[in-house]
Amino acid sequence: NLNDGQALPNPEMHWTIDIDPLVAPYGSARHETVDFFDYTSEQPFDHVIMFGLVGTPNNRTAEDAHITFDLNDALIEHAVDLVAPEGFLVVGPELSAESRPSADEDVDQWLNYFGQSARLSENFTLVYALRGRCNLVTVFRKNS
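Residues numbered from 1 in each chain as written. Predicted model: local features only at pLDDT ≥ 70, side-chain atom pairs only at ≥ 80, totals over all residues. Heavy atoms only, no water.

Engineer: In this structure, what is going on with the packing of aromatic side chains? I would like to understand it.
Structural biologist: Taken as a whole and judged by the stated rule, the model has eight aromatic pairs. On the basis of an interplanar angle of 35° and a centroid distance of 5.5 Å, the ring pair of Trp110 and Phe114 is categorised as tilted. You can see Trp110 and its partner Phe114 sitting in helix α2 (residues 100-116), four residues apart, about one turn around the helix. Here the aromatic cluster, defined as three or more aromatic residues joined through ring pairs, consists of Trp110, Tyr113, Phe114, Phe124 and Phe140. (Phe/Tyr/Trp six-rings, centres within 6.5 Å; stacked < 30°, edge-to-face > 60°. Helix = DSSP H or I, 4+ residues; strand = E, 2+ residues; numbered from the N terminus.)

Dropping the structure here:
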């Protein structure tokens, strides 16, 4: 994430957060080490991008920092409040690396989960979904 903001018209408007203080050197110039659920902002963001927060924790041990499947509702609940009206929420769940059929099942389950999430349905419209090798990239636009 260190140079991701350079692709933006105003790189200084790019923030990154992570729960793991060891990755702070790889964050943007405006990086905070904080639990996502404790993160607040005085003004909502035009874009909130969440990768590695939800999904199958590939290549991780139980001790590694990650948000597990049982916290997805709380994660979405908190993210909704961080996105400005007409803004975008990008969620990139990690997919199972065990096999292609297993990853395909993950995609189906995630799209079903997103479709059944009342908080997402009430506040967002799914505008894009792209299946990658290790991620499903979903883009939601917040209603005005």
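Engineer: Sorry, what's going on with the sheet that holds strand β3 (residues 45-55) here?
Structural biologist: Paired through backbone hydrogen bonds, the strands of a sheet run either parallel or antiparallel to each other. The mixed open sheet is built from four strands, whose spatial order is β3-β4-β6-β5. Only two strands of the sheet have a single partner each, and these edge strands are β3 and β5 (124-131). Strand-to-strand twist of the sheet, defined as the mean angle between neighbouring strand axes without regard to direction, takes the value 15°. Bridge analysis of strand β4 (residues 83-94) against strand β6 (residues 136-142) gives four bridges, and the strand direction is antiparallel. Each bridged residue has a counterpart across the sheet, and for Phe88 the counterpart in β6 is Arg141. (Pairing = 2+ DSSP bridges. Axes fitted to C-alpha atoms, helices over the stretch in contact; angles between N-to-C directions.)

Engineer: What should I look at first to understand the environment of Leu95 in this one?
Structural biologist: Mapped onto the elements, Leu95 comes out in the loop between β4 and α2. In this structure, the C-alpha to C-alpha distance between Leu95 and Gly132, residues 37 residues apart in sequence, is 8.9 Å.

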